[in-house]
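The chain contents come next:
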Amino acid sequence: MIDSLLERKIEKRPDKVRLQGRILFLTEDPELIKRQLAGEDLPWDTRNPANNPKLRDDISTDEITPAHYCFYFDETLGEIPYLGLKCGEVTPIGRGDVKRGGFVCAVSGKRRGKGSSREQSPYAEMCAGIRVVIAENIERIYKQNCQNLGLLTSTNFSLIDRIRSGEEIALSEFTAGEDEITRQVIEYGGLFPFNVARMQGKVFLPPIENGGESRPMTVAEKIFARHMLNEKNEAGVPSVKPGDTGFARADLRFSHEYVTPMAAIFFERYVGKDAKVNDKSSIIFFRDHLTFLDEVISEEKKKIGLLDLATQLKLKQQDFAKKQGIKLHGELTDRKGSEGICHSIVLESYALPGQLNIGSDSHTPHVGAIGCVAFGIGTTDVFNSWITKDVRVKVPESVKVIVRGKRHPNVTAKDFILKILSLDYVRSGKALAKVMEYAGEAIEELSVDERATMTNMAAEIGGFTGIVAPDKKAVDFLVERRGMNRAQAEKMIEGLYSDPGAQYAHVIELDAADITPMVATPGDPGNGKYIREMNTPVPVEIAYGGTCTAGKNEDMDMYALVLADALKHGKRVADSVEFYIQFGSQETRDYCIRRGYLDVFQKAGAHVIEPSCGACINAGPGVSTRPDQIVISAQNRNFPGRSGPGQMYLASPLTVAASAVAGYIVEYEPSEKRELVGA
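Residues numbered from 1 in each chain as written. Predicted model: local features only at pLDDT ≥ 70, side-chain atom pairs only at ≥ 80, totals over all residues. Heavy atoms only, no water.

Engineer: What am I meant to see in the overall build of the chain here?
Structural biologist: Each helix and strand in the chain was counted, giving 28 helices and 24 strands. Taken along its principal axes, the extent of the C-alpha atoms in the chain is 75 × 60 × 50 Å. In the chain, which comprises 679 residues, the proportion classed as buried is 64%. A separation of at least 24 residues holds for 75% of the contacts in the chain among residues at least 6 apart in sequence. Taken as a whole, the chain presents about 24,700 Å² of accessible surface, with 47% of it coming from carbon and sulfur. Counting 85 positive and 93 negative side-chain charges, the chain places the centres of these two groups 2 Å from one another. (Helix = DSSP H or I, 4+ residues; strand = E, 2+ residues; numbered from the N terminus. Buried < 20%, exposed > 50% of the residue type's maximum accessible area, 1.4 Å probe, protein only. Contact = heavy atoms within 4.5 Å. Areas by Shrake-Rupley, 256 points an atom, 1.4 Å probe, with all protein chains shown as cover. Lys, Arg positive; Asp, Glu negative; His and termini not counted. Charge placed at Lys NZ, Arg CZ, Asp CG, Glu CD.)

Set out below in structure tokens:
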């Protein structure tokens, strides 16, 4: 605990707010948005919603603050909000438009703020003058980032009339329905002032009641129970249930160069330039997002200094890591690239069954594949965790996803998750902020690498996290990949299963035999369809295999299987296609060397790239450069503009490699059992 914070004066915000300014309705019609930016106030009928224009659904944080503009980590972000917002094929909002418009409120439809955990998005809105966000439903990380910064959120559209009339609105309108801790975070105007008040003993932390008896718990609830702080501020309570709120002690806290600098600035500004973080040994930094940016960033963006800003992100993280003595997995010194993507390295080297891990990235659930609870947090949560070593948690409900039976040989975990994403339950937002627990024979048969694809893409579901109960496959992973003693690994997974009678918000049951290779059509990972149901061939110009989701050892097995098969039949990557394969980590690169895959990739005509996030965030080879360019990618997201202006289809590593060879989107059809080259 930092002594100076105990004497800091902290007060709650006023119990009534008056929001004086205009309302920006983010509609599907770009002309309506342009008219609002030009000064027209759009009429809105709160009593008869059917009379109103259609609001944009699924606005991602990529659209609120496109990746390249997240290199800013100060008030300059106020010029940026909604720069990537697409209405049809139009991006109607220009730099500075929102700030000049005098808007105090922004309104949209379902699933606002989906995607990346970047806190730059609500921070940009705040810096542009937005003080309240209204939407039909709001994604968990984005909403929590808003609360942490002091930006008000609501799903109550009747507030629109009251804001327009300039009347005072009780702060309780924005805390209604929230848990006790979230209510106080909002009342104190953000997470940091709340945490200071917490250190000073001024806030009320509700005890976690277990009614004197244990209850059947899901595997995630068991892990939460081990980590939630009790009345003595020690980790561990007898049991938890959905809705319990408190603070959970984190085993591991990590961040990357997109987030660490802004968090470091917040830490130095609000805590002190010479203050030390709490337990540096459980904090890890990564330089993994922008190592190939210079190869794809446009001259226009270079001219406005964005490449220089990206370099500043790297330097700020390096300096803070050195000053604090924090482990930094950085750039390579002998060649371009990084040690690895944060999620890849955390799974390979750090995460353990039963842990609770937090990271500055929405794909932190990746390591749920090993049987831990891991979830993404924003910048303010990151820097607060450096002070307290804990994180605010409301125990989520769980959804059980059971995939029964045996999968087809050309179907992978990616096909399973694209199928799940296409379900109405997920698309309507009912799975938001819930734990996705994957089970069933088809899941048990998957390796830890493949399970990681499922848990990783809990982020695209909008879930709190994804998890698979650890079993013999998890033990084998720890023994074979970490060199852990088998008895030690087996002891670690004891009790980590869902109890009979554990309660779920919903159960999804699928038969693996019904699922054939899938793609998600451009615009959203939820646009899943079976390839065999596509009526006309879709030619591709770019195929990309990589990222945290698809740059693992087993993903490389799949690329190699398809390309070795192609070579065997006298084929290679089609002349019309550029195929990029990017490792998730140096460990995976070494694995490929040992297996002889590099030779296969190169002979088949694929471009091999050192580890980095790269194309997935529009920052490396494999990005599109034209709106009509068609890309097939094994990454996790295809939101508008995320990886360039082109049309991106998501698919499994098998499908991506097969399509690269064919020149158009196609299922991989294994004709016989084959040994991989070099195996």
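After presenting the structure, the write-up continues.
Engineer: What is the right way to look at the pattern of salt bridges in this model?
Structural biologist: Opposite charge on two side chains permits them to pair, given that their charged atoms come into close proximity. Counted by the stated rule, this structure contains 53 salt bridges. As a salt-bridge pair, Asp 294 and Lys 336 come within 2.9 Å of each other at their nearest N and O atoms. Here Asp 294, found in the loop between β9 (283–286) and α13 (299–303), pairs with Lys 336, found in the loop between β10 (327–329) and α15 (342–350); they are 42 residues apart in sequence, far enough to count as distant. Assessed through its relative accessible area of 36%, Asp 294 is described here as partly exposed. You can call Lys 336 partly exposed: its relative accessible area is 33%. The closest approach of N and O atoms between Arg 451 and Asp 471, which form a salt bridge, is 2.8 Å. In this pair, Arg 451 sits in helix α20 (residues 448–456) while Asp 471 sits in the loop between β16 (465–467) and α22 (472–482), placing the two residues 20 residues apart along the sequence. Using a relative accessible area of 1% as the deciding quantity, one classes Arg 451 as buried. (Salt bridge = Lys/Arg side-chain N within 4 Å of Asp/Glu carboxyl O.)

Engineer: Any chance you could explain the nonpolar core here in plain terms?
Structural biologist: As a rule of thumb, soluble globular proteins bury nonpolar side chains together. Counting residues in hydrophobic clusters, the biggest one holds 81 residues, and the most contacted among them are Phe 224, Phe 375 and Trp 386. Looking at this core, the element that brings in the most residues is helix α10 (residues 191–199), giving six residues. When near neighbours in sequence (up to four residues on either side) are disregarded, Trp 386 contacts Arg 253, Ser 255, Thr 260, Ala 263, Ala 264, Phe 267, Val 277, Asn 278, Ile 283, Phe 285 and Phe 320. Judged by nonpolar contacts, the second largest core, of 42 residues, contains Met 556, Tyr 559, Leu 563 and Ala 574. (Core = buried A, V, L, I, M, F, W, Y, C linked by side-chain atoms within 4.5 Å.)

Engineer: Looking at this model, I keep getting lost on the pairing of strand β8 (residues 252–256). Mind explaining?
Structural biologist: Remember that side chains alternate between the two faces of the sheet whenever the strand is regular. Burial of β8 is extensive: five of the five residues sit out of reach of the surface. When β8 meets β9, the two strands line up parallel, connected through four bridges. Bridge assignment links His 256 to a residue of β9, and that residue is Phe 286. For the handedness criterion, the β-α-β arrangement of β8, helix α12 (residues 260–270) and β9 is classed as right-handed. (Pairing = 2+ DSSP bridges. Right-handed = clockwise from strand over helix to strand, strands pointing away.)

Engineer: I'm lost on the side chain of Thr 260 in this one. Help?
Structural biologist: Position of Thr 260 relative to the elements: it lies in helix α12. Polar side-chain contacts of Thr 260 include one of 2.8 Å to the side chain of Ser 255. Within the local environment of Thr 260, its side chain forms a polar contact with the side chain of Gln 317, the two groups lying 2.7 Å apart. Contacts of Thr 260, omitting those with residues within four sequence positions, involve Ser 255, Phe 285, Gln 317 and Trp 386. (Polar contact = N/O pair within 3.5 Å; in protein donor to acceptor, adjacent residues only side chain to side chain.)

Engineer: Teacher, can you tell me more about the sheet that holds strand β5 (residues 152–154) here?
Structural biologist: Strands pair in a sheet through their backbones, by hydrogen bonds, and they do so in one of two ways: parallel or antiparallel. Ordered in space as β2-β3-β4-β5, the four strands form an open sheet in which the pairing is parallel. Of all strands in the sheet, those with a lone pairing partner are β2 (22–25) and β5, marking the two edges. Put simply, the sheet's adjacent strands are angled 20° from each other on average, direction ignored. On the sheet, helix α2 (residues 30–37) packs against β2 and β3 (103–107) and is oriented at approximately 160° with respect to β2. (Axes fitted to C-alpha atoms, helices over the stretch in contact; angles between N-to-C directions.)

Engineer: I'm lost on the packing of aromatic side chains in this one. Help?
Structural biologist: Two measures describe an aromatic ring pair: the distance that separates the ring centres and the angle between the ring planes. Applying the stated criterion across every chain yields a total of 21 aromatic pairs. Taken together, the ring pairs connect Tyr 123, Phe 192, Phe 266, Tyr 270 and Phe 383 into an aromatic cluster. Over the face of the ring belonging to Phe 464 we find Arg 140, whose NZ or CZ atom lies 4.4 Å from the ring centre. The positively charged end of Lys 222 is found above the aromatic ring belonging to Tyr 497, 3.9 Å away from the centroid. (Phe/Tyr/Trp six-rings, centres within 6.5 Å; stacked < 30°, edge-to-face > 60°. Lys NZ or Arg CZ within 6 Å of the ring centre and 35° of its normal.)

Engineer: For this particular structure, what's the right way to read the environment of Val 468?
Structural biologist: Mapped onto the elements, Val 468 comes out in the loop between β16 and α22. As a C-alpha pair, Val 468 and Tyr 438 span 30 residues in sequence and 5.4 Å in three-dimensional space. For Val 468, the contacting residues outside a window of four places in its chain are Gly 368, Gly 371, Tyr 438, Ile 443, Arg 451 and Thr 455.

Engineer: Sorry, what's going on with the sheet that holds β9 here?
Structural biologist: Ordered by their spatial adjacency, five strands build an open sheet running β10-β9-β8-β11-β12, and the pairing between neighbours is parallel. Each having just a single partner strand, β10 and β12 (373–376) make up the two edges of the open sheet. Pairwise comparison of adjacent strand axes, ignoring direction, gives a mean angle of 20° for this sheet. Bridging between β9 and β10 involves three bridges; their strand directions are parallel. Bridge pairing in β10 places Phe 286 opposite His 329. The strands touched by helix α11 (residues 219–227) are β11 (356–359) and β12; relative to β12, the strand with the most contacts, the crossing angle is about 85°.

Engineer: Just checking my understanding: could you explain the packing of helix α5 (residues 120–127) against helix α6 (residues 140–149) for this structure?
Structural biologist: Pairs of packed helices are described in terms of their axes, by the angle between the two and the distance that separates them. Contact geometry of α5 with α6 gives a least axis separation of 9 Å together with a crossing angle of 45°. Judged by the angle between their axes, α5 and α6 are oblique. Taken as a pair, α5 and α6 cross one another with a handedness that is right-handed. Residue-level contacts link Pro 122, Tyr 123, Glu 125 and Met 126 of α5 to Tyr 142, Asn 145, Cys 146 and Leu 149 of α6. (Parallel < 35°, antiparallel > 145°, perpendicular 65-115°, else oblique. Left-handed = near helix turned anticlockwise from the far one by under 90°.)

Engineer: Quick question: what am I supposed to make of the state of the cysteines here?
Structural biologist: Each disulfide consists of a covalent bond between the sulfur atoms of two cysteine residues. Applying the stated criterion to the full structure yields zero disulfides. Left without a disulfide partner, Cys 372 is nearest to the cysteine sulfur of Cys 342, which lies 14 Å away. (Disulfide = S-S within 2.5 Å.)

Engineer: I would appreciate a short explanation of unusual backbone geometry in the present structure.
Structural biologist: Peptide bonds are mostly trans, and most non-glycine residues show a negative phi. Look at Tyr 82: it is not a glycine, yet its phi comes out positive at around 70°. Tracing the chain through its elements places Tyr 82 in the loop between α3 (61–64) and α4 (97–100). Look at Tyr 82 and you get buried, because its relative accessible area is 0%. Phi is positive for Asn 618, close to 65°, though the residue is something other than glycine. By the element assignment, Asn 618 lies in the loop between β22 (607–609) and β23 (630–633).

Engineer: Got a minute to help me understand helix α17 (residues 413–421) in this structure?
Structural biologist: Residues spaced three or four apart along an α-helix point in a common direction, a consequence of the helix completing one turn every 3.6 residues. The element α17 is largely enclosed, with a buried count of nine among its nine residues. By the burial criterion, the buried members of α17 are Ala 413, Lys 414, Asp 415, Phe 416, Ile 417, Leu 418, Lys 419, Ile 420 and Leu 421. Residue Thr 412 occupies the N-cap position of α17, its side-chain oxygen lying 3.1 Å from the main-chain nitrogen of Lys 414.

Engineer: How do you make sense of the environment of Glu 178 when you look at a structure like this?
Structural biologist: When you line up the elements, Glu 178 lands in the loop between α8 (172–175) and α9 (180–188). Sequence-wise, Glu 178 and Val 90 are 88 residues apart; in three dimensions their C-alpha atoms are separated by 36 Å. Each residue touching Glu 178, except ones within four places of it in the same chain, is listed here: Lys 143, Gln 147, Arg 183 and Ile 186.

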